[in-house]
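Listed below are the residues making up each chain.
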Amino acid sequence: MRFETESGPVQAELARVIVAGWTGRNRAAVDHHIEELAALGVAPPSGVPLYYRAAPDVLTQGETITVLGENTSGEAEPFVLHAGGQLWLGLASDHTDRALEAHSVAASKQICAKPVAGALWAFDEVAAHLDQLHLSCEVFEAGAWVMYQNGTLADILPLPDLIAGAALSEGDAMLGGTLPAMGGVRPAAGYRMRLADPVRDRELRLDYGVKTLPIVA
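Rules used throughout
- Residues numbered from 1 in each chain as written.
- Predicted model: local features only at pLDDT ≥ 70, side-chain atom pairs only at ≥ 80, totals over all residues.
- Heavy atoms only, no water.
- Helix = DSSP H or I, 4+ residues; strand = E, 2+ residues; numbered from the N terminus.
- Pairing = 2+ DSSP bridges.
- Axes fitted to C-alpha atoms, helices over the stretch in contact; angles between N-to-C directions.
- Buried < 20%, exposed > 50% of the residue type's maximum accessible area, 1.4 Å probe, protein only.
- Core = buried A, V, L, I, M, F, W, Y, C linked by side-chain atoms within 4.5 Å.

### Quick notes on unusual backbone geometry
Right, on to step 1. Omega for the peptide link from Val48 to Pro49 comes to -5°, which places this bond in the cis form.
Right, on to step 2. Within the secondary structure layout, Pro49 lies in the loop between helix H1 (27-39) and strand E4 (50-54).
Right, on to step 3. The residue Ala167 is not glycine, and still its phi comes out positive at about 50°.
Right, on to step 4. Mapped onto the fold, Ala167 is located in the loop between helix H5 (159-166) and strand E15 (172-175).

### Overview of the sheet that holds strand E13 (residues 134-141)
Right, on to step 1. Overall, mixed pairing links the 5 strands, which are arranged E6-E17-E16-E13-E14 in an open sheet. Each end of this open sheet is capped by a strand with a single partner; those strands are strand E6 (64-68) and strand E14 (144-152). Ignoring which end each strand starts from, the neighbouring axes of this sheet average 25° apart.
Right, on to step 2. Relative to strand E17 (residues 202-213), strand E16 (residues 190-197) runs antiparallel, the two being bridged by 8 bridges. Paired with Asp197 across the strands is Arg202, a residue of E17.

### As for the pairing of E15
Right, on to step 1. Alternating residues of E15 divide into Asp172 and Met174 and Ala173 and Leu175, and every residue in both groups is buried.
Right, on to step 2. Where strand E3 (residues 16-21) lies against E15, 4 bridges are found, and the strand directions are parallel. Note that in E15 the partner of Val17 across the bridge is Ala173.

### Considerations on the nonpolar core
Right, on to step 1. Ranked by size, the top nonpolar core spans 37 residues in total, and within it Leu89, Met174, Tyr191 and Leu195 carry the most contacts.
Right, on to step 2. Of all hydrophobic cores here, the second largest spans 26 residues; its members include Ala12, Val42, Val58 and Phe79.

This is the structure:
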């Protein structure tokens, strides 16, 4: 994949894609969410946080993804890439099949394409103020854009800890967890995601649409 950076383009040959789950910094809230999902039939994770695997080709920089059925949804997440001998920070969407999630969280992470923004920041440039980075997502539903996620990376486990836990090396990418969805996770026709850096006055953007295929039985 090719990314734009302030120091020039970065070309990455992806070796591994890791999707970090159960990454909320408030452990009591994470445990409560695990209990809520268990009541819906979702098996609890074997560890917290948990590092799911996905194939590199699930990542896409296309403007539209195609999904099967009405039960998928996206989530704005920080994206960490190890390329060219250094770490980069970007923005991605952990688009997931929620119906399949009840059967297997790992399978639900693999089944949908995961959009990735086309620009990156050098991780060293934001490492000292990661908790101040603002993550947000709007969804297009009922003919209007609605705020869906809104908060800072202070609500997610520290990215350096997640990077260490995932043992990222050259060619590895990680989606680093997300914020609660206002009104709950749900399908939408489009997503507008932003990762804002108030210290350096800049932002990363990720916009994409969703085309839904019918389930034919």
